[in-house]
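Tertiary structure, described
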Amino acid sequence: MALEVIETGRHVPLGEIAESHQKVRRETVEQRLDDLAKSIKEHGQIHAVSLLQDEDGPAGKYELINGHRRFQAARRGGLKTLRANIYRIPAGQEENKDLLIQQHLYAANMAEPLIPVERARMFEALIEQYEMTVEQVANCFEGETAQSVAEAMKYLSIDPVVLDVISAHPEKFSEGHIRVLAEFSSPDKRAWRMKPDEQLRVAREVAEQKDKLVAADPRKLEERVKSVVKLRREQERAKNEKEKIKKTQADPVKVLFRMVEAVESSVRSLRDVDLLSIKEIDAGDKGDLIKRLYDSMQSLDDFANERLSKLHTSRKTAE
């Protein structure tokens, strides 16, 4: 089912046109309006806008459903009318008005493809408003599949503030760049997921073209993202280690246990040395090793019997 055409090519006064809330191209509607206004004045209106005749609306008013940038440019340029194609909702389909408009907009905007964020938000609106599944959304649009809709929806994993940066600079972000940002903003990335402030920092770097290689190649952006997350993870790990040491140092008994465990580990390693692999050893070196081992044993014996044994003891409280 589609919108029904009533008339094509009618010149409609701007005063009879009211903007619709159904703006698929919200992200780019304000871009280059002055240039578009100049073009329309000098060369005429190339593409007609789409207007919906609302039977329940005020007389002499049409709802603008496609061509918002042309409408804004015409107002900015002081034009009096716009060439329009007039549509209406088919009988019995009034409850599906928003869906029919979305389908019409999707088809109309294929001449100037939606940026990924616009496309994702359009799908999101249908899912939320009509409680559709991705399969049902895909069935509404020619050429879409459940997989393509689901992939598009992943862009909404990106923090809203970052989406605004992307929307404000669509010419700076290829679909590959946005895909990388979405991938590393998704909960599926777990430990490698970017935090919102990291997303914003990286997105601004792309928007400002700080690194030409990153701006030109999504693979370089992925390397940059990984380096940002890796640095943060290393800093968090170092901080956690410091906290562990601090907690351990606060308990001298735990420190003592850790030191004894280190001695035990060294003794086990020494015990496992393959002495048979040593064909011969200098007599002086052999004597020195034996002396040092006995000295260490004597030091440990002194520590255990003269110092450790004299520590005051307490009984653990039964739980």
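The model shown is predicted, which means the values in this text are computed figures rather than measured ones.

1. Some details on the overall build of the protein chain
When its secondary structure is counted, the protein chain shows 13 helices and five strands. Burial analysis of the protein chain (319 residues in total) assigns 34% to the buried set. Counting only contacts in the protein chain whose residues sit at least 6 apart along the sequence, the fraction spanning at least 24 positions is 74%. Put simply, the protein chain shows about 21200 Å² of open surface, and 51% of that area lies on carbon and sulfur atoms.

2. Notes on a nonpolar patch on the surface
Together, L270, V273, L275, I278, I281, L289 and L293 give the surface a local cluster of nonpolar side chains, amounting to about 640 Å² of exposed area. Topologically, L270 is positioned in helix 12 (residues 252-271).

3. Topic: the sheet that holds strand 5 (residues 81-88)
Pairing within the open sheet is mixed, and its five strands lie in the order 1-5-3-4-2. The sheet is open, and its two edges are formed by strand 1 (4-13) and strand 2 (17-19), each paired on a single side. Between one strand axis and the next, the sheet turns by 40° as a mean value, whatever way the strands run.

4. Observations regarding the pairing of strand 5
Sheet topology places strand 1 next to strand 5; seven bridges connect them, and they run antiparallel. When the sheet's bridge partners are listed, V12 is paired in strand 5 with L82.

5. Thoughts on the nonpolar core
In terms of nonpolar packing, the biggest core is built from 25 residues, with I158, I166, F173, L181, L221 and V225 touching the most fellow members. Breaking this core down by element, the ones donating at least two residues are helix 4 (116-130), helix 7 (160-168), helix 8 (175-183), helix 9 (196-207) and helix 11 (218-249). By residue number, the principal contributor to this core is helix 9, which donates five residues.

6. Here's the deal with the packing of helix 4 against helix 6 (residues 146-153)
It is at 8 Å that the axes of helix 4 and helix 6 come closest, and there the two elements cross at 110°. Put simply, helix 4 runs roughly perpendicular to helix 6. Across the interface between the two elements, R119, A120, F123, E124 and I127 from helix 4 touch S148, V149, A152 and M153 from helix 6.

7. Some thoughts on the packing of helix 1 (residues 33-43) against helix 2 (residues 68-76)
Between helix 1 and helix 2, whose axes approach to 8 Å, the crossing angle comes to 75°. Taken together, the axis directions place helix 1 and helix 2 in an arrangement best described as roughly perpendicular. Of the residues in helix 2, those touching helix 1 at L33, D34, L36, A37 and I40 are R69, R70, Q72, A73 and R76. Of the residues belonging to the contact of helix 1 with helix 2, the class tally is five nonpolar, one polar and four charged.

8. Describing the confidence of the model for the protein chain
Summary statistics for the protein chain give a mean pLDDT of 86 and a share of 89% for residues scoring 70 or more. For the protein chain, per-element mean pLDDT is lowest for helix 1, which scores 80, and highest for helix 9, which scores 95.

9. Details of the environment of Y62
Examined against the element boundaries, Y62 turns out to sit in strand 4 (residues 62-66). Using a relative accessible area of 11% as the deciding quantity, one classes Y62 as buried. Sequence spacing of Y62 and I17 is 45 residues, and the spatial spacing of their C-alpha atoms is 5.0 Å. Those residues in contact with Y62 that lie beyond four places of it in its chain are R10, V12, E16, I17, A18, L51, L52, Q53 and I86. Of note is the side chain of Y62, whose polar atom sits 2.4 Å from the side chain of R10.

How each quantity is defined
- Residues numbered from 1 in each chain as written.
- Predicted model: local features only at pLDDT ≥ 70, side-chain atom pairs only at ≥ 80, totals over all residues.
- Heavy atoms only, no water.
- Helix = DSSP H or I, 4+ residues; strand = E, 2+ residues; numbered from the N terminus.
- Buried < 20%, exposed > 50% of the residue type's maximum accessible area, 1.4 Å probe, protein only.
- Contact = heavy atoms within 4.5 Å.
- Areas by Shrake-Rupley, 256 points an atom, 1.4 Å probe, with all protein chains shown as cover.
- Patch = residues over 30% accessible without salt bridge, like charges linked within 9 Å, V, L, I, M, F, W, Y side chains within 5 Å.
- Salt bridge = Lys/Arg side-chain N within 4 Å of Asp/Glu carboxyl O.
- Pairing = 2+ DSSP bridges.
- Axes fitted to C-alpha atoms, helices over the stretch in contact; angles between N-to-C directions.
- Core = buried A, V, L, I, M, F, W, Y, C linked by side-chain atoms within 4.5 Å.
- Parallel < 35°, antiparallel > 145°, perpendicular 65-115°, else oblique.
- Nonpolar A, V, L, I, M, F, W, Y, C, P; charged D, E, K, R; others polar.
- pLDDT = per-residue confidence, 0-100.
- Polar contact = N/O pair within 3.5 Å; in protein donor to acceptor, adjacent residues only side chain to side chain.

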